[in-house]
Amino acid sequence: MKQPSPRALLGKLFGGSAKGIAVEKSLITGYAQVGGKAVCVIGTCNGTYIGNEAALVLAAHVIDCIERHPRTPIVMLVDSAGQEPNRLDEMLGLASYFGHLLSCLEVARRKGHKLITIATGKAIGGAFICYGMFADRIYALDSASVGLMPIAAMSAVTKIPAAVLQKLSKTMPSLEFGAEPFALLGGVEEVWPSKGDTQARLAKAIAAASADDNRAALGKKRGGRKLALDIRNRVLAESAK
Amino acid sequence: MTGTSLFHEQTARQRIAAVVDAGSFVELLPPPERLTSPYLAQLGIPVSFDDGIVIGKAKIGGKKLYIAAQVGQFVGGAVGEIHGAKLTGLFKAAARDRVPCALVIESGGVRLHEGSAGEIAITETMRAIFECRAKKVPTIAVIGSDIGAYGGIGILSTCCDFRVMTEHGRLGISGPIVIEKWMGKKAYDSSNRALVWKTSGGKTKYLLGDADALVHDDAGAVREAIGKLLAKSSPVTLKNAKARQAALAKRLKRFGKTENPDDVWKGMGVRDIAAASLASGPEFVALAKTGRK
Amino acid sequence: MEKFAKAFPSKPLKNTAGKPWALAGVVGSGNLEVLVERGSRPSDAMECHIETSIPGYKASWLAALADFAHHYPAGGTKVTINDQGAPPVLVTLRLRQAYDHLTKGEK
């Protein structure tokens, strides 16, 4: 599906208030309004790669929001191919830079900032893990590419024929790539039609957000991830004995 | 089973047995429960009774802890739905009971054969780790195997309060083979073991401050390091986040264009690179002491 | 994957106390895991369930297990194996390790 330009997308999500959002080196930082209320915005666009520098830029903006705009909801937009395999970033501790970004978001959560993610483009593997999947509630546009990896890539790495994976994905949505199957697993709360009124949906999502992690329960209810919740609960029950 | 005591050569079960007080380990959801991966079964790949992770309660020096160890031999210690749910449950139990939790890592990250389920599971475990940290319940990642902590598990390890590493342990996201494929052999030769370990190994991570302890490749040393951390925590506060932001920015500014890891070592105060390369655990720490301050 | 199960005659397990189960080995290339569990009552059969990634070796598996059941009093136990292409010598070693853990406690 053809992706809208970053500016067009921001306009769609935040209307005229999108002018308060900067897009630099495919990184999104700024403040805008949703339903007349202020929000902080961080994110990626253009399917960019992210590394140590990008993590610091996004983390700095989260810190700025905590300090200057207490309890303002943070909207995270995800359109990134993830980390570019790079020896220098790895040597300096890419995982630590991402962990730091997550810690900053956790500080925000504890200080009463609601965290909402919208997967707008690529939300694949590490790109989604390093900030977007850490939100209170996670949404995806139906045009977004959400999942661990497409079946062709999974087949190439695991050496399992793509046809076999394709067939199994009919009964195991975890193997299928896309926002809808990801929602069946509980990984996405709701898939939004790109053509719909995303501003109204976002305002509603922010109002409804709570910090409990409901994804395993959703995955069980929707039937895409049947085991996770029960096994977690069994560990909790057995350990209490 | 091989009669060795080298930590990196031990299996997950041997590591737990050697690290905790003798006889104190009680496994949760043990092998007779037969919680095996339906994904692997469907794909015709052998399953394992513990799905590649051993979890339970134990004691170190008489103090209670929850402990988990990943089985690197089983699909690279990778995280699938069951594996991840066991781990999430364990950290949630630790938060509930206010008992420290240690994770002995040996994993390349998400189990590709289970698609997005493992990816979500890793982020659920991250949320559970931060539940512990909100209650000042210590969370400790131990990284001391050849497989190391990579992909989503590399990121997850950095969510814990502390990381205990041995020089065998490696911490990162993309492994050397992936980077070599991407950048070319000239930029990163994955068969150059010295370079690989100086890029992602315990010594470099310790120097930069991403590992909190660097110990000998020995279960006794790992046990001692975990024991020391059981009463500590690293609070998730704005003040700490700001200090970390400054430190990581400084690191990037100083070394962002540094190609040779030896120059990072020198920059961190290691004077004798050859001696430091040969030194192990505490001896390396002693050589590095000035630099890390 | 190939799956099969069979019970082999074996003298009843001697001591009835001790651990309810023991595990030896790991599932990995050229390796296997062996889970031995005590049954609830004495019996003169060792019950075996095998899953292996290498089909076509059923006869040698059955021979190895029959031999083990003959040499060790393992009646009343249930042996379950997940195999990823372990050589026969390793199969025998893991069986003995799991049995030792079960009957003698920690090694």
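Let us look at the structure shown here. In this text the structure is predicted, and so the values were computed from the model without any measurement. The residue numbers shown here count from 1 along each chain, following its written sequence. Numbering of ligands from 1 and lettering of chains from A proceed in the order in which they are written. In view of the model being predicted, local features appear only for residues whose pLDDT reaches at least 70, and side-chain atom pairs are presented and counted only at 80 or more, with totals across whole chains, interfaces and linings using the full set of residues. Hydrogens and water molecules were not included; the side-chain quantities draw on all heavy atoms of the structure.

**Structural notes on the overall build of chain A**
Here comes step 1: Under the DSSP-based scheme used, a helix requires at least four consecutive residues in state H or I and a strand at least two consecutive residues in state E, with every element numbered from the N terminus. Helices and strands together make up the secondary structure of chain A, namely 11 helices and nine strands.
Here comes step 2: Only the C-alpha atoms count toward the radius of gyration. The rule for a globule is 2.2 Å times the residue count to the power 0.38. By the compact-globule yardstick of 18 Å for 241 residues, chain A fits well, its C-alpha radius of gyration being 18 Å.
Here comes step 3: By principal-axis analysis of the C-alpha atoms, chain A measures approximately 50 × 45 × 45 Å.
Here comes step 4: Residue burial is assigned from relative accessible area. The probe radius is 1.4 Å, only protein chains are included, and a residue is buried under 20% of its type maximum, exposed over 50%, and partly exposed in between. A buried classification covers 60% of the 241 residues belonging to chain A.
Here comes step 5: Here the analysis covers contacts within chain A between residues at least 6 apart in sequence; of these, 66% occur between residues at least 24 apart.
Here comes step 6: Method for areas: the Shrake-Rupley scheme with a 1.4 Å probe, in which residue coverage is limited to the protein chains shown. About 9000 Å² of surface is accessible on chain A, with carbon and sulfur atoms providing 56% of the total.
Here comes step 7: For the purpose of counting charges, residues Lys and Arg are taken to be positive, whereas Asp and Glu are taken to be negative. His and the chain ends are not included. The location of each charge is read from NZ of Lys, CZ of Arg, CG of Asp or CD of Glu. Charge separation in chain A, taken as the distance between the mean sites of 30 positive and 20 negative side-chain charges, equals 4 Å. Residues are treated as being in contact if the distance between any of their heavy atoms lies within 4.5 Å.

**Points about the pattern of salt bridges**
Any two side chains of opposite charge can pair if their charged atoms end up close together.
Here comes step 1: Each salt bridge in this description consists of a side-chain nitrogen of Lys or Arg and a carboxyl oxygen of Asp or Glu lying within 4 Å of one another. Inspection of every chain in the model, using the stated rule, returns 33 salt bridges over all chains.
Here comes step 2: The salt bridge partner of Asp51 of chain B is Arg111 of chain B, with a shortest N-O separation of 2.9 Å. Here Arg111 of chain B lies in the loop between strand 4 (101-105) and helix 4 (116-134) and Asp51 of chain B lies in the loop between helix 2 (38-43) and strand 2 (53-60), a separation of 60 residues in the sequence.
Here comes step 3: Note on Arg111 of chain B: relative accessible area 1%, which makes it buried.
Here comes step 4: Residue Asp262 of chain B is joined to Lys198 of chain B by a salt bridge in which the shortest nitrogen-to-oxygen separation is 2.7 Å. Separated by 64 residues along the polypeptide, Asp262 of chain B in helix 11 (residues 261-267) and Lys198 of chain B in helix 7 (residues 193-200) bring together distant segments of the chain.
Here comes step 5: Overall, the relative accessible area of 15% leaves Lys198 of chain B in the buried class.
Here comes step 6: Among the charged side chains, a network of salt bridges with common partners joins Glu106, Arg109, Arg110 and Asp136 of chain A.

**Considerations on the sheet that holds strand 4 (residues 45-52) of chain C**
Neighbouring strands of a sheet are bound in pairs by backbone hydrogen bonds; such pairs are parallel or else antiparallel.
All names here are of chain C.
Here comes step 1: Here a strand pair is declared whenever DSSP counts at least two bridges between the two strands. Strand order across the open sheet formed by five strands is 1-4-5-3-2, with mixed pairing between neighbours. The strands lining the two open edges of the sheet, one partner per strand, are strand 1 (2-9) and strand 2 (21-24). Strand-to-strand twist of the sheet, defined as the mean angle between neighbouring strand axes without regard to direction, takes the value 15 degrees.
Here comes step 2: Looking at chain direction, strand 4 and strand 5 (residues 77-84) are connected through six bridges and run parallel. Simply put, an axis is a line fit to the C-alpha atoms, just over the touching stretch for a helix, and the angle between two N-to-C directions goes from 0 to 180 degrees.

**Side note on the environment of Val47 of chain B**
Here comes step 1: As for its position among the elements, Val47 of chain B is in the loop between helix 2 and strand 2.
Here comes step 2: Here Val47 of chain B falls in the buried class, since its relative accessible area comes to 6%.
Here comes step 3: C-alpha separation for the pair Val47 of chain B and Val75 of chain B, spaced 28 residues apart in sequence, amounts to 9.4 Å.
Here comes step 4: Not counting residues within four places of it along the chain, the set of residues in contact with Val47 of chain B comprises Thr36, Ser37, Leu40, Ala41 and Phe74 of chain B together with Val27, Glu33 and Asn82 of chain C.

**Comments concerning the interface of chain B and chain C**
Here comes step 1: Facing 18 residues of chain B, the contacting portion of chain C comprises 20 residues.
Here comes step 2: Buried area adds together the accessible area that both of two parts lose upon being put together, with accessible area traced by a 1.4 Å probe. Here chain B and chain C share an interface that buries about 1500 Å² over both sides, 68% of which is from carbon and sulfur atoms.
Here comes step 3: One can count one salt bridge joining chain B with chain C.
Here comes step 4: Here Glu37 of chain C makes a salt bridge to Arg34 of chain B, at a shortest N to O gap of 2.6 Å.
Here comes step 5: Two N or O atoms form a polar contact when they lie within 3.5 Å of each other; inside protein one atom must be a possible hydrogen donor and the other a possible acceptor, and for residues adjacent in sequence the pair counts only when both atoms belong to side chains. In this assembly, chain B and chain C are joined by five residue pairs in polar contact (both at pLDDT 80 or more).
Here comes step 6: Tallied by class, residues from the side of chain B that touches chain C come to 10 nonpolar, five polar and three charged. When residues are grouped by polarity, Ala, Val, Leu, Ile, Met, Phe, Trp, Tyr, Cys and Pro land in nonpolar, Asp, Glu, Lys and Arg in charged, and all others, Gly among them, in polar.

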